[in-house]
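What the coordinates show
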Amino acid sequence: YPSGGGGGGFGGMSHGYTRIPGDTGSVDVAKVNELLTQRNDAKRARDFDAADRIRDSLRTLGVEVMDRDRQWRTSGGGGMGGMGGGGGMGG
C-alpha cells in the first residue's frame, strides 16, 4: 500500500514513534531517535535486514520497540505494562 509522504510533524521526529508515557528508564534519547529514524528509512527502502540490525542495536541499548503501536520504551523503565510490577500485600 502506498504511504503518503509526510515529514516530521509531531515533535520533529521523522520516525513517528513516541516514548511510552511513564517510562523513566535511563537512555540516550537522542541516540534512540537517531536509530529509529534510520530504521524507519530502511523499512521505507524495504531493506528489512538493515531494519532488523538497527532493532537489535536498540535492544542492546535496552530499548524495546512496539511497531504496532509505534511506541518504544526502555527495558525495566516502567511505564504502562512495564517489565515486572511490584507485588502488593493483600489484606
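Residues numbered from 1 in each chain as written. Predicted model: local features only at pLDDT ≥ 70, side-chain atom pairs only at ≥ 80, totals over all residues. Heavy atoms only, no water.

1. Things to note about the pairing of strand E3 (residues 71-74)
Alternating positions in E3 separate into two faces, Gln71 and Arg73 on one and Trp72 and Thr74 on the other, with burial throughout. As defined by bridge partners, strand E2 (residues 63-66) adjoins E3 across four bridges and the pair is classed as antiparallel. Each residue of the ladder has a partner; that of Glu64, found in E3, is Arg73. Where E2 hands over to E3, the hairpin turn is made up of four residues, of which Arg70 adopts a positive phi near 55 degrees. (Buried < 20%, exposed > 50% of the residue type's maximum accessible area, 1.4 Å probe, protein only. Helix = DSSP H or I, 4+ residues; strand = E, 2+ residues; numbered from the N terminus. Pairing = 2+ DSSP bridges.)

2. Quick word on helix H1 (residues 29-44)
Taking 1.5 Å per residue as the helical rise, H1 with its 16 residues ought to reach 22 Å, and the 22 Å between its terminal C-alpha atoms agrees with that figure. Those residues of H1 that fall on the buried side of the exposure criterion are Val32, Asn33, Leu35, Leu36, Arg39, Asn40 and Ala42. Looking at the buried positions of H1, the neighbouring elements they touch are helix H2 (48-60), E2 and E3. The distance from a side-chain oxygen at the start of H1 to the backbone nitrogen of Ala30 is 3.2 Å, and the residue carrying that oxygen is Asp28. (Expected span 1.5 Å × (residues − 1). Contact = heavy atoms within 4.5 Å. Polar contact = N/O pair within 3.5 Å; in protein donor to acceptor, adjacent residues only side chain to side chain.)

3. Quick word on the nonpolar core
Of all hydrophobic cores here, the largest spans nine residues; its members are Tyr17, Val32, Leu35, Leu36, Ile54, Leu58, Val63, Val65 and Trp72. Secondary structure elements with two or more residues in this core: H1, H2 and E2. Among the elements that make up this core, the one with the highest residue count is H1 (three residues). If we skip the residues at most four places from it in the chain, Val63 touches Val27, Val32, Leu58, Trp72, Arg73 and Thr74. (Core = buried A, V, L, I, M, F, W, Y, C linked by side-chain atoms within 4.5 Å.)

4. Details of the confidence of the model for the protein chain
Averaged over all residues, the pLDDT of the protein chain is 79; the fraction at 70 or higher stands at 68%. Segment residues 80-90: pLDDT under 50, and nine contacts once partners within four positions in sequence are set aside and those in other chains are kept. (pLDDT = per-residue confidence, 0-100.)

5. Some remarks on the sheet that holds E2
As summarised here, the arrangement of the three strands in space is E1-E3-E2, forming an open sheet in which the pairing is mixed. Each edge of the open sheet carries a strand with a single partner, namely strand E1 (18-19) and E2. Across two bridges, E1 lies against E3 in parallel orientation. Bridge pairing in E3 links Arg19 to Trp72.

6. Points about the environment of Asp67
If you trace the backbone, Asp67 turns up in the loop between E2 and E3. What makes Asp67 partly exposed here is its relative accessible area of 32%. The spacing of Asp67 and Tyr17 is 50 residues in sequence and 8.3 Å in space, taken between C-alpha atoms. Filtering out sequence-adjacent residues up to four positions away, Asp67 remains in contact with Tyr17, Arg39 and Lys43. Polar contacts involving the side chain of Asp67 include one to the side chain of Arg39, which spans 2.9 Å.

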